[in-house]
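Per-entry structural report
Below are the chains, spelled out letter by letter.
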Amino acid sequence: MWESIARFVLKNKLALLIVLAVITSFMGWQASKVELSYDFTGAIPTDNARYVSYQNFRKQFGEDGNMMVIGLQSDHLFDEKIFTDFASLGKQIKNIKGVENVLSIPVAVTLVKDSVAGLKASNIFDLDKPAPDQKSLFDSSKNLFFSLPFYKNVLYNPQTNASLMAVRVNKDVLASKERTVVIGKIVTAADQFGKDHAIEMHYSGLPLIRTQLSDRMKKEMKGFLIGSVLLSAVILLIFFRSISTMFLSIAVVLTGVVWSVGTLHLFAYKISLLTVLIPPLIVVIGIPNCIYFLNKYHIS
């Protein structure tokens, strides 16, 4: 049987090489369109008690997976210059494409009586409103803010002088490659504010964590793939001391990598935390097989 296959391959080697090149080119085109998965990848069984409890919590209270938090600690936050720049930072972040809303001290509201609506929301701080004495207006707004228990230990901690800014990012943006650009712009704007006023900025939230994880996964995939190919090439050179043999083996392995990634896209899969291991595994598994077949070839 194997002799018949060998004769068929040798007899039609040119046609088979052309077919292989065409299919590999098609798979390479498919592989170029594969996308990273920005969704949360479950790593525990769905019947796990903790997982079931988490799903029940999400069903009852919802999921806030598109909220990013910026934290800072300064006892000079309510200085007029810093506070004005902090308010400008919120406006700058809100104007970033993909950001839906920003919640921070400068945009905090209070409820006031209205003869028509009964109660209506009114901004506590109105820095754009002209007044004969802007400082007294700001001081009165600050005192009003401190008198509201609702915001205590939520937007501002008077004991530690810590404050936060909550940024809500569009879910569709977070599910696309644009998330890296949006999160990068938010961090850059906040870092500039911290640099201007010598304030250390802190960041948290699922959008930031998942973006950093996805970007790291993308870089590590390229690093592992390149490193495994280079290491395999060195091992082949040491074993066979032949450049042509090394390139032939590497070509076979890289063809397998292209086919595997192309197959992922053909079946509508994305590169996730698990499937990112496929290309390096193809290289690591394929090289020993190449060595085995080459040894069999030389022995025969």
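Coordinates for the structure precede this section.
I will try to describe carefully the structure that is included in this document. (Residues numbered from 1 in each chain as written. Predicted model: local features only at pLDDT ≥ 70, side-chain atom pairs only at ≥ 80, totals over all residues. Heavy atoms only, no water.)

1. Focus: the overall build of the protein chain
Regarding its fold elements, the protein chain presents ten helices and seven strands. Radius of gyration (C-alpha) of the protein chain: 30 Å, far over the 19 Å computed for a compact globule of 300 residues. Seen along its three principal axes, the alpha-carbon backbone of the protein chain occupies a region of about 95 × 40 × 35 Å. Burial status across the protein chain gives 32% buried among its 300 residues. Considering only contacts within the protein chain whose residues lie at least 6 apart along the sequence, 70% involve residues at least 24 apart. Summed over all atoms, the accessible surface of the protein chain reaches about 19,800 Å², with 63% contributed by carbon and sulfur. Here the protein chain contributes 31 positive and 23 negative side-chain charges, whose respective centroids are spaced 11 Å apart. (Helix = DSSP H or I, 4+ residues; strand = E, 2+ residues; numbered from the N terminus. Rg over C-alpha atoms; globule rule 2.2 N^0.38 Å. Buried < 20%, exposed > 50% of the residue type's maximum accessible area, 1.4 Å probe, protein only. Contact = heavy atoms within 4.5 Å. Areas by Shrake-Rupley, 256 points an atom, 1.4 Å probe, with all protein chains shown as cover. Lys, Arg positive; Asp, Glu negative; His and termini not counted. Charge placed at Lys NZ, Arg CZ, Asp CG, Glu CD.)

2. Some remarks on the nonpolar core
In terms of nonpolar packing, the biggest core is built from 38 residues, with F78, I93, I105, F145, V167 and I186 touching the most fellow members. Per element, the largest residue contribution to this core is seven residues, and it comes from helix α7 (residues 179-197). Excluding its chain neighbours within four sequence positions, the residues that come into contact with I186 are M68, I70, I93, I96, V99, V167 and V169. Counting residues in each nonpolar core, the second largest holds 15 residues, with V253, I287, C290 and I291 among its members. (Core = buried A, V, L, I, M, F, W, Y, C linked by side-chain atoms within 4.5 Å.)

3. Observations regarding helix α2 (residues 13-31)
Here α2 spans 26 Å end to end across 19 residues, near enough to the 27 Å set by a 1.5 Å rise per residue. Packing partners of the buried residues in α2 comprise α9 (243-266). (Expected span 1.5 Å × (residues − 1).)

4. Regarding the side chain of R179
Within the fold, R179 resides in helix α7. Here the side chain of R179 touches L174 through a polar contact of 2.7 Å, landing on its backbone oxygen. (Polar contact = N/O pair within 3.5 Å; in protein donor to acceptor, adjacent residues only side chain to side chain.)

5. With respect to the pairing of strand β1 (residues 67-73)
Two faces, one strand: in a regular strand the side chains alternate between the faces of the sheet. In the sheet, β1 pairs with strand β6 (residues 162-169) via seven bridges, with the strands oriented antiparallel. Within the sheet, the bridge partner assigned to M68 lies in β6 and is V167. (Pairing = 2+ DSSP bridges.)

6. Quick word on the pattern of salt bridges
Tallied over the full model, the rule gives two salt bridges. Its salt-bridge partner being K81, residue D85 comes within 3.5 Å of it at the nearest N-O pair. You can see D85 and its partner K81 sitting in helix α4 (residues 80-94), four residues apart, about one turn around the helix. What makes K81 exposed here is its relative accessible area of 57%. Here E100 ties to R168 by a salt bridge, and the two come within 3.2 Å at their closest N and O atoms. With E100 in strand β2 (residues 99-103) and R168 in strand β6, this pair connects stretches of sequence that are 68 residues apart. (Salt bridge = Lys/Arg side-chain N within 4 Å of Asp/Glu carboxyl O.)

7. A few points about the packing of aromatic side chains
Following the criterion strictly, the structure yields twelve aromatic pairs and no others. A centroid spacing of 4.7 Å and a plane angle of 45 degrees characterise the contact between F83 and F125, whose relative ring orientation is tilted. In this pair, F83 sits in helix α4 while F125 sits in the loop between β4 (118-123) and α5 (134-147), placing the two residues 42 residues apart along the sequence. Residues F146 and Y156 carry aromatic rings whose centres are separated by 5.6 Å and whose planes lie at 50 degrees to one another, so their mutual orientation is tilted. Linking F146 in helix α5 with Y156 in strand β5 (residues 156-157), this pair joins segments that are ten residues apart in sequence. We classify F146 as partly exposed; its relative accessible area is 42%. (Phe/Tyr/Trp six-rings, centres within 6.5 Å; stacked < 30°, edge-to-face > 60°.)

8. What about unusual backbone geometry?
Located in the positive-phi region is N161, a residue other than glycine, with phi close to 60 degrees. Relative to the assigned elements, N161 resides in the loop between β5 and β6. Given the relative accessible area of 24%, N161 is considered partly exposed. Positive phi, normally seen in glycine, also occurs at A198, with a value near 55 degrees. One can find A198 in the loop between α7 and β7 (201-204). Judged by its relative accessible area of 74%, A198 falls in the exposed class.

9. Things to note about the environment of P288
With respect to the helices, strands and loops of the structure, P288 is situated in helix α10 (residues 278-299). On the basis of relative accessibility, which here comes to 44%, the residue P288 falls in the partly exposed class. Distance from P288 to N161, taken between C-alpha atoms, is 61 Å for residues 127 residues apart in sequence.

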